[in-house]
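Next come the chains, spelled out residue by residue.
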Amino acid sequence: MRLDYYKKYISSYKQRYFDTVNFNSSYTKLAADLFLKYILAKQGTPLQEIFVGEFGKPYLLNSKLNFNISHSDSFLVCAISTQNIGVDIEKKRIINNVESIANRFFLKDEYAAIKQCSADSKIDLFFKFWMVSYVFVKF
């Protein structure tokens, strides 16, 4: 697939990353952006520039729709709501600073549980806590 042909269809905030990552990552970023635009169009939102906020969350100007998108490896998730919403997806992998990340993002009890785990169990427990809930939306 010629990614350069499709690059013109993705949001400008994603275009700046397009050439700095490997082919598979570029393909995933392209697919995520086009998927998001498709879902927004299915909701009746005309195609427009997607902007990104301070913490990387995408948004539309002058829209009541809230949405978020995440991808990891070949996995992709998108959520749209009239209320503030966020999603994240991560492929299970080795993480060197598990305790530091858990301390920053997890509840105190979750962080304490990870800190007390054996080294072999830390990653499993980390990803168990990371996967808080699932939301299924019918389109």
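Participant: Residues and numbers for the overall build of the protein chain, please.
Facilitator: Within the protein chain one finds 6 helices and 4 strands. From first element to last, N terminus to C terminus, the protein chain shows the α and β order α-α-α-β-β-β-β-α-α-α. Considering the protein chain as a whole, with its 139 residues, one finds that 32% of them fall into the buried category. Considering only intrachain contacts with a sequence separation of at least 6, the fraction spanning at least 24 residues in the protein chain is 35%. On the protein chain, roughly 10,000 Å² of surface is accessible, and the fraction owed to carbon and sulfur atoms is 53%.

Participant: Tell me what's going on with unusual backbone geometry, and back it up with residues and numbers.
Facilitator: For Asn 62, which is not glycine, the phi torsion reads 55° and is therefore positive. For Asn 62, the position within the fold is in the loop between strand E2 (58–59) and strand E3 (66–72). Residue classification places Asn 62 among the exposed positions, given a relative accessible area of 85%.

About the cut-offs
Residues numbered from 1 in each chain as written. Predicted model: local features only at pLDDT ≥ 70, side-chain atom pairs only at ≥ 80, totals over all residues. Heavy atoms only, no water. Helix = DSSP H or I, 4+ residues; strand = E, 2+ residues; numbered from the N terminus. Buried < 20%, exposed > 50% of the residue type's maximum accessible area, 1.4 Å probe, protein only. Contact = heavy atoms within 4.5 Å. Areas by Shrake-Rupley, 256 points an atom, 1.4 Å probe, with all protein chains shown as cover.

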